[in-house]
Amino acid sequence: MPGDMMTIVQMCGVCRTEIATIQVKKENMMLSTTAKVWCPNCKAQRPEIRDAAGRLAAIQTEVATYPKSDAG
Ligand SMILES: [Zn+2]
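Colleague: Could you clarify how one ought to interpret the pattern of salt bridges in this entry?
Modeller: Close approach of charged atoms allows side chains with opposite charge to pair. Evaluation of the coordinates by the stated rule reveals one salt bridge. Of the charged contacts, one joins glutamate 48 and arginine 50 as a salt bridge, the two residues approaching to 2.7 Å between their closest N and O atoms. The exposure class of glutamate 48 is buried, given its relative accessible area of 4%.

Okay, here's the thing in structure tokens:
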């Protein structure tokens with residue numbers, strides 16, 4: 001079903017540089033993998049780590065919509 005996808009951020013397991021964001025089906029979501037990715041920061045193959053992008057986005061949205069002080 002469309003809409004049942006979620007965004008996963010793929011990061012370097014060593015320096016946490018964001019490598020890519022990928023769309024996966026929720027039921028196929030795997031946050032632990034043994035895959036290796038090329039990290040442009042480390043300039044080496046590194047174990048990848050994954051995190052759900054939604055959590056970050058939710059935090060950013062919350063910050064963006066935080067009401068600015070209009071007093072004073
Ligand atoms: Zn790295």
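Colleague: In this structure, what is going on with the sheet that holds strand 4 (residues 44–52)? I would like to understand it.
Modeller: Backbone-to-backbone hydrogen bonds join strands into a sheet, with any given pair of strands oriented parallel or antiparallel. Reading across the sheet, the four strands line up as 2-1-4-3 and stay open at both edges, with antiparallel pairing between neighbours. Bordering the open sheet on either side are strand 2 (18–25) and strand 3 (36–39), each of which pairs with just one other strand. Going from strand to strand, the sheet's axes swing by 45° on average, the running direction of each strand aside. Bridging between strand 3 and strand 4 involves four bridges; their strand directions are antiparallel. Paired with tryptophan 38 across the two strands is glutamine 45, which belongs to strand 4.

Basis of the calculations
Residues numbered from 1 in each chain as written. Predicted model: local features only at pLDDT ≥ 70, side-chain atom pairs only at ≥ 80, totals over all residues. Heavy atoms only, no water. Salt bridge = Lys/Arg side-chain N within 4 Å of Asp/Glu carboxyl O. Buried < 20%, exposed > 50% of the residue type's maximum accessible area, 1.4 Å probe, protein only. Pairing = 2+ DSSP bridges. Helix = DSSP H or I, 4+ residues; strand = E, 2+ residues; numbered from the N terminus. Axes fitted to C-alpha atoms, helices over the stretch in contact; angles between N-to-C directions.

By themselves, these observations are geometric and do not establish any function.
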